[in-house]
Amino acid sequence: MRRFFDPRQLAHAPVQELHNGAFMPYSESPARARDILDALGATEAATDHGAAPIAAVHSADYLAFLASAHARWRAAGRAGDAGGYAWPVVRRRPLALERIDAQIGRYSFDASTPIAEHTWDGAWWSAQTALTALDAVLAGDAAAFALCRPPGHHAGTDYLGGYCYLNNAAIAAQAATAAGRRTAILDVDYHHGNGTQDIFYARGDVFFASLHADPRTDYPYFWGHEDERGEGLGEGATLNIALPHGTRIAAYLAALDTALAAIAAFAPDLLVVSFGADTFVGDPISNLALETADFAPLARRIASLGKPMLVVMEGGYAVDALGGNVAAFLGGL
């Protein structure tokens, strides 16, 4: 299987200031990608596909904001990485607010996703990595892996959150659809891919299925509930399966079979897998109980669909085990 990564993704390195004045990286840090690279060995660099595939998913005003936010934050005399502190949750309307603080609130949904000096570059090359791996699948490869970092599945058309800025899986799925492929997305990250769901929620041409921790107890809380099935033309093209804390591989595979049956009924000819290794029992911010040895049979079950497959990296924060977990999953394919 061809594996793709661009080192410019490592430039995205936000830090958080502690009460004692020291700084530390966020859970989503360059160390994640480095550990995966150590486990996988050689990868191929990304090809720049330009802005058009990204603009097919994300709004022009959001992209302009994201590309300029950090420079504008610093120009306003603010220190550190750009981050939000006020959000328009009541009587939201499209106000023309120019202050960078207001725009961060407009274009984000949480306070845990800062915009650092090189965030735009890292997110850009993360999306280009997904598109380059998609090229391999469209050219006839049975599967390809895109080591995308920062991840993407929490990012919507015009918002960031959950360590995500550009939705790599959605960008690839839209590009595949534009290339004439009937496309399904399977999200097996611990957290619900709310941004991906939102992007395709009212569309019937892309199927979205997600297995994730129950949003009644876990981030992102407000999306991923099982009664969310799509709307309008997309009614029935969204499937959410919420899992309780402590879920082990047998119960996980049973839930996965339900998702795979729904995907098979949709009859796609290309599958995008948003893969998160944060379902691992040792993940510091998650509460499922998959072991490293479980990732290979999980992958084999997905591969049993027999569809060309693009695997896009999402979460996974047990850094010391992350490379081994990713390698086990890819080995199972």
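Residues numbered from 1 in each chain as written. Predicted model: local features only at pLDDT ≥ 70, side-chain atom pairs only at ≥ 80, totals over all residues. Heavy atoms only, no water.

Novice: Would you take a moment to explain the packing of helix 8 (residues 249-266) against helix 9 (residues 295-303) for this structure?
Specialist: A pair of packed helices is captured by two measures, namely the crossing angle of their axes and the spacing between those axes. The interhelical angle for the contact between helix 8 and helix 9, taken along N-to-C directions, is 15°, at an axis separation of 10 Å. Judged on the interaxial angle alone, helix 9 and helix 8 are roughly parallel. Classified by chirality, the crossing of helix 9 by helix 8 is right-handed. Of the residues in helix 9, those in contact with Tyr252, Leu253, Leu256, Asp257 and Leu260 of helix 8 are Pro297, Leu298, Arg301 and Ile302. Residues that form the contact of helix 8 with helix 9 fall into these classes: seven nonpolar, no polar and two charged. (Axes fitted to C-alpha atoms, helices over the stretch in contact; angles between N-to-C directions. Helix = DSSP H or I, 4+ residues; strand = E, 2+ residues; numbered from the N terminus. Parallel < 35°, antiparallel > 145°, perpendicular 65-115°, else oblique. Left-handed = near helix turned anticlockwise from the far one by under 90°. Contact = heavy atoms within 4.5 Å. Nonpolar A, V, L, I, M, F, W, Y, C, P; charged D, E, K, R; others polar.)

Novice: Just to check I follow, could you spell out the side chain of Gln103 for this structure?
Specialist: One can find Gln103 in helix 4 (residues 100-106). Excluding residues that lie within four positions of it along the chain, Gln103 makes contacts with Phe65, Arg72, Leu97 and Glu98.

Novice: Would you take a moment to explain the pattern of salt bridges for this structure?
Specialist: Two side chains bearing opposite charge may form a pair once their charged atoms approach each other closely. Under the criterion given, the structure shown has twelve salt bridges. A salt bridge links Glu28 to Arg32; its shortest N-O distance comes to 2.8 Å. A relative accessible area of 2% places Glu28 in the buried class. The salt bridge partner of Arg149 is Glu28, with a shortest N-O separation of 2.9 Å. Taken as a pair, Arg149 in the loop between strand 4 (143-146) and helix 6 (168-178) and Glu28 in the loop between strand 3 (23-25) and helix 1 (30-40) lie far apart in primary sequence, 121 residues in all. When salt bridges with common partners are traced through the structure, they connect Glu28, Arg32 and Arg149 into a single cluster. (Salt bridge = Lys/Arg side-chain N within 4 Å of Asp/Glu carboxyl O. Buried < 20%, exposed > 50% of the residue type's maximum accessible area, 1.4 Å probe, protein only.)

Novice: Can you help me understand empty space enclosed by the protein in this one?
Specialist: A water-sized probe, rolled over the atoms, reveals where empty space remains. Scanning the entire structure with this criterion turns up one cavity of 30 Å³ or more. In terms of lining residues, the largest cavity is bounded by Gly83, Gly84, Ile104, Ser108, Asp110, Ala111, Ser112, Thr113, Pro114 and Leu160. Classifying every residue of the lining of the largest cavity by side-chain character gives four nonpolar, five polar and one charged. (1 Å grid on protein atoms, 1.4 Å probe; cavity = no way out; pocket = protein on both sides within 12 Å on 5 of 7 lines; lining within 4 Å. Points joined across faces, edges and corners; volume = space filled by probe spheres on them.)

Novice: Teacher, can you tell me more about the packing of aromatic side chains here?
Specialist: Throughout the structure, instances matching the rule amount to 14 aromatic pairs. With a centroid separation of 5.3 Å and an interplanar angle of 80°, the aromatic rings of Phe109 and Trp223 are classed as edge-to-face. With Phe109 in the loop between helix 4 and helix 5 (119-138) and Trp223 in the loop between strand 6 (206-213) and strand 7 (238-243), this residue pair connects regions lying 114 residues apart in the sequence. An angle of 75° between the planes, with centres 6.4 Å apart, marks the rings of Tyr219 and Tyr221 as edge-to-face. When its relative accessible area of 23% is taken as the criterion, Tyr219 is described as partly exposed. Members of the aromatic cluster, connected to one another through ring pairs, are Phe109, Tyr159, Tyr219, Tyr221, Phe222 and Trp223. (Phe/Tyr/Trp six-rings, centres within 6.5 Å; stacked < 30°, edge-to-face > 60°.)

Novice: Would you mind going over unusual backbone geometry with me for this structure?
Specialist: Residue Pro150 is bonded to the preceding Arg149 through a cis peptide linkage, with omega at 10°. Relative to the assigned elements, Pro150 resides in the loop between strand 4 and helix 6. The amide bond that connects Tyr219 to the next residue, Pro220, takes the cis arrangement and shows omega of 10°. Its place among the elements puts Pro220 in the loop between strand 6 and strand 7. Its identity as a non-glycine residue notwithstanding, Tyr163 has a phi of 70°, on the positive side. The topology assignment puts Tyr163 in the loop between strand 4 and helix 6.

Novice: Looking at this structure, how should I read the packing of helix 9 against helix 10 (residues 319-332)?
Specialist: Relative to each other, helix 9 and helix 10 sit at 35°, their axes nearing to 7 Å. Read as a crossing pair, helix 9 and helix 10 show a hand that is right-handed. Contacts from Phe295, Ala296, Leu298, Ala299, Arg300 and Ile302 of helix 9 reach helix 10 at Asn325, Ala328, Phe329 and Gly332. For the contact of helix 9 with helix 10, the per-class residue count stands at seven nonpolar, two polar and one charged.

Novice: Just to check I follow, could you spell out the sheet that holds strand 9 (residues 309-313) for this structure?
Specialist: Within a beta sheet, neighbouring strands are joined by backbone hydrogen bonds and run either parallel or antiparallel to one another. A sheet is described by the order of its strands in space; here seven strands give the open sequence 1-4-9-8-5-6-7, paired in parallel fashion. Among the strands making up the open sheet, the edge pair consists of strand 1 (2-4) and strand 7. In this sheet, neighbouring strand axes are inclined to one another by 15° on average, regardless of whether the strands run parallel or antiparallel. Contacting strand 1, strand 4, strand 8 (270-275) and strand 9, helix 5 runs over the sheet at an angle of about 175° to strand 4. (Pairing = 2+ DSSP bridges.)

Novice: What exactly am I supposed to notice about helix 9 here?
Specialist: Note that an α-helix has 3.6 residues per turn; residues three or four places apart therefore point the same way. For helix 9, the set of buried residues is Phe295, Ala296, Leu298, Ala299 and Ile302. An end-on view of helix 9 places all buried positions within 160° of arc, on one side of the element. Next to the buried residues of helix 9 lie strand 5 (183-187), helix 8, strand 8, strand 9 and helix 10. (Arc of directions from axis to C-beta.)

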